Amino acid sequence: MVLRSSFDAFAKPIDSVRERSVSGGFITLLASATAAVLLISQLFIYLQVQTRHSMHLAHSVPSILFNNGGAAARNLVLNGQYHIPLKLHVTFPHLQCNSLDYAHDGNDSSSGKFEHYHSKPYTFTKRMPTLEEYKTAVGSRVNNSELQKQRREGCTVSGTIHIPRVGGTLSVSVSPDAWRRATSVLAFGMDLTGGGGNTEQVDPFHGRLPNVTHYVHDVTFGAPFPPGTNPLQGAHHVMDNGSGVALANVAVKLVPTTYKRTFHSERETYQASVSRHIVEPATLAAQRSMLLPGLMITYDFTPLAVRHVEKRENVFVFLSSLVGIVGGVFVTVGLVSGCLVNSAQAVAKKMD
C-alpha cells in the first residue's frame, strides 16, 4: 500500500491547512471567466462550416451510337442514368399559343418530332398565362380587369424534359407557318401560303411583325447548386427595336458540381455560366440564317467538374481542445498566482 501510494500525483491537502482568501476567490473567478470565453469561442469555431473546393475531370457519358461498354452501358443510357431534367418556364405576352413553336436539337413540336423524343409526362405544354405570369412578363401595374383581357394574347410554355448530358440547343420561337403567313401578309397584303380563309390563321399578328418580347421565369438544368444562384431565372428579354422581331441568344456553360454537406449524402448538381445577347433581324438576314425570332438556348457541359464539400472539425479534436482549455487555464492561472503570492511574501520579508 505504501509503495502504491507513493505514485499518487494528486496529493490531498489537509482540510485544516486549507485557507480561503479574497484574492484566491478573485483569481478563481478570473480563471473561470477566461475558460468560459475560450469554451464559447471554441464552440463557435467548431460550428463553423469549412468549405473545400477541388476540381477533377468529369465522368464520360457513353453514347448509344459509339458504345463499347456492352449491354450494361447501353441499358444505363436507355434507362436515363446519363440524363438530367431540363425545366423550362417562359412567357411570351404578345404571342398566342398557336403562333409559338418549341424545339430541342432541331426536333420541333410543329412537326411532331419533339413529342416523339419527349413523351408525357416529360414534355412541354403551351397554355394561356396566368394573371401573375402575364403581369410579371409585361411589368405592368394596370388593374387586373384589363390584364385579364390582354393576357389572352399571350402564351406560356412550361414543363420538364430529360436530356442527355451532352451539348444541345433548346428554342422557343415563332412557328414557321405563322412566320410565313405574317411576312406574306406584310409584304404582299395577302396570304400567299394557301392558309385558307380563317382570319386568325391568315394574319395572326394583325398586319404587324410578331413581337417576341418574353420573360424567362425559370430555366434549370439538373439539380440546382444550393449555395449558388440561377442566372437563368427572372430574365426579361425586351425587343425594343421598333419591330419587336429579334432573337435572344443565350449561351450556357454547365459545370458538374458534387455537393456534400455534413451528415448528408452527396448530390450531383450543376452550376451555370451564362452569356446572352440579342441578335437583330438585320444580322439574321445578312447571315441568311434559318433561325426564327424568339428564344434560343445553347448549352454545353464543361470537361472539368467541381467537388464542393462542407464539413466541420473532427469531434475528437473539438473535445481535446475543450479539455486542454479547461486544464490549461487553471494551471496557468495557478502558476501565475503562485508566483505573485511568493513574490509578495519575499518582498514583505525583506521589508521586515
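In this numbering scheme, every chain counts its residues from 1 along its sequence in written order. For this predicted model, a pLDDT threshold of at least 70 governs which residues receive local features, and a threshold of 80 or more governs which side-chain atom pairs are given and counted, while totals over whole chains, interfaces and linings are taken from all residues. Where side-chain values are given, they derive from all heavy atoms of the structure, hydrogens and water being excluded.

Participant: Outline the overall build of the protein chain, supporting the account with residue identities and numerical values.
Facilitator: The secondary structure content of the protein chain amounts to 10 helices and 14 strands. To sort residues, take the accessible area from a 1.4 Å probe on protein chains only and compare it with the maximum for the residue type: under 20% means buried, over 50% means exposed, and anything in between is partly exposed. Counting across all 352 residues of the protein chain, residues that qualify as buried make up 33%. Residue contacts are defined here by distance: any two heavy atoms, one from each residue, within 4.5 Å place the two residues in contact. Taking the intrachain contacts of the protein chain between residues at least 6 apart in sequence as the baseline, contacts between residues at least 24 apart amount to 77%. Working definition of accessibility: Shrake-Rupley area with a 1.4 Å probe, residue cover restricted to the visible protein chains. Approximately 21800 Å² of the protein chain is accessible, and the part contributed by carbon and sulfur atoms is 59%. In this description a helix means any DSSP run of H or I spanning at least four residues, a strand means any run of E spanning at least two, and both kinds are numbered starting from the N terminus.

Participant: I'd like a rundown of the sheet that holds strand 6 (residues 155-164), residues and numbers included.
Facilitator: Spatially, five strands are ordered 5-6-2-8-10 in an open sheet, and the strand pairing comes out antiparallel. The open sheet has two free edges, formed respectively by strand 5 (124-127) and strand 10 (235-237), since each of these has just one partner strand. Between one strand and the next, the sheet's axes are offset by a mean angle of 15 degrees, whatever the strand orientation. Pairing between strands is defined by DSSP: at least two bridges between the two strands are required. The sheet contact formed by strand 2 (residues 83-92) and strand 8 (residues 214-221) spans six bridges and is antiparallel. Counterpart to Lys87 in the pairing with strand 8 is Thr220. What counts as an axis is a line fitted to C-alpha atoms, over the stretch in contact for a helix, and the angles between N-to-C directions run from 0 to 180 degrees. Contacts from helix 5 (residues 131-138) reach strand 2, strand 5, strand 6, strand 8 and strand 10 within the one sheet, and its direction differs from that of strand 8 by about 110 degrees.

Participant: Can you lay out a nonpolar patch on the surface for me, pointing to particular residues and giving the numbers?
Facilitator: Judged by side-chain polarity, Met55, Leu57 and Leu304 come together as a nonpolar surface patch covering roughly 340 Å² of accessible area. Exposure remark for Leu304: the relative accessible area of 38% places this residue in the partly exposed category. Each patch is assembled from residues with relative accessible area greater than 30% and no salt bridge, linking like charges that lie within 9 Å and nonpolar side chains (Val, Leu, Ile, Met, Phe, Trp, Tyr) that lie within 5 Å. Any carboxyl oxygen of Asp or Glu that lies within 4 Å of a side-chain nitrogen of Lys or Arg is treated as forming a salt bridge with it.

Participant: Account for unusual backbone geometry, naming residues and giving values.
Facilitator: In this structure, Pro121 follows Lys120 across a cis peptide bond, with omega equal to 5 degrees. Unlike most non-glycine residues, Asp105 shows phi in positive territory, near 55 degrees. Within the secondary structure, Asp105 is located in the loop between strand 3 (100-104) and strand 4 (107-108).

Participant: Any details on the side chain of Thr302? Residues and values, ideally.
Facilitator: Following the sequence through the fold, Thr302 ends up in the loop between strand 13 (294-301) and strand 14 (304-311). Two N or O atoms count as a polar contact when they lie within 3.5 Å, although within protein this holds only if one can serve as hydrogen donor and the other as acceptor, and sequence-adjacent residues are included solely when both atoms are side-chain atoms. For Thr302, the side chain forms a polar contact with the main-chain oxygen of Leu304, separated by 2.9 Å. In this structure, Thr302 is in contact with Ala58, Lys253, Leu254, Val255 and Pro256, ignoring residues within four places of it in sequence.

Participant: Residues and numbers for the state of the cysteines, please.
Facilitator: By disulfide we mean two sulfur atoms from cysteines, separated by a distance within 2.5 Å. For the structure shown, the criterion picks out one disulfide. The disulfide partner of Cys97 is Cys155, and the gap between their sulfur atoms is 2.2 Å. Note on the Cys97 and Cys155 pair: the S-S dihedral is about 100 degrees, so by sign convention the disulfide is right-handed. With Cys97 in the loop between strand 2 and strand 3 and Cys155 in strand 6, this pair connects stretches of sequence that are 58 residues apart. When its relative accessible area of 19% is taken as the criterion, Cys97 is described as buried. Taking the relative accessible area as the measure of exposure, Cys155 reaches 0% and is therefore buried.

Participant: If you had to explain helix 5 to someone new, which residues and values would you point to?
Facilitator: Those residues of helix 5 that fall on the buried side of the exposure criterion are Leu131, Glu133, Tyr134 and Ala137. One side of helix 5 carries all its buried residues, which in axial view fall inside an arc of 165 degrees. The elements touched by buried residues of helix 5 are strand 2, strand 5, helix 6 (144-150), strand 6, strand 8 and strand 10. Looking at the residues trailing helix 5, positive phi occurs at Gly139, about 60 degrees. Think of it as the arc spanned by the lines of direction from the helix axis to the C-beta atoms.

Participant: How would you summarise the environment of Thr130 if you had to cite specific residues and measurements?
Facilitator: One can find Thr130 in the loop between strand 5 and helix 5. The sequence separation of Thr130 and Arg151 amounts to 21 residues, and the corresponding C-alpha distance is 7.6 Å.

Participant: Give me the packing of aromatic side chains: which residues, what numbers.
Facilitator: Think of it this way: a Phe, Tyr or Trp ring, Trp meaning its six-membered ring, pairs with another when their centres are within 6.5 Å, and the plane angle makes it stacked under 30 degrees, edge-to-face over 60, tilted otherwise. Applying the stated criterion to the full structure yields seven aromatic pairs. Taken together, a centroid distance of 4.9 Å and an interplanar angle of 80 degrees make the contact between Tyr102 and Phe114 edge-to-face. Note that Tyr102 is positioned in strand 3 and Phe114 in helix 4 (residues 113-117), a separation of 12 residues in sequence. Between the aromatic rings of Tyr102 and Phe124, the centroid separation amounts to 5.7 Å while the plane-to-plane angle is 75 degrees, which identifies the pairing as edge-to-face. Separated by 22 residues along the polypeptide, Tyr102 in strand 3 and Phe124 in strand 5 bring together distant segments of the chain. Across the pair, exposure class does not vary: Tyr102 and Phe124 are buried alike.

Worth remembering: the numbers are spatial, not functional.
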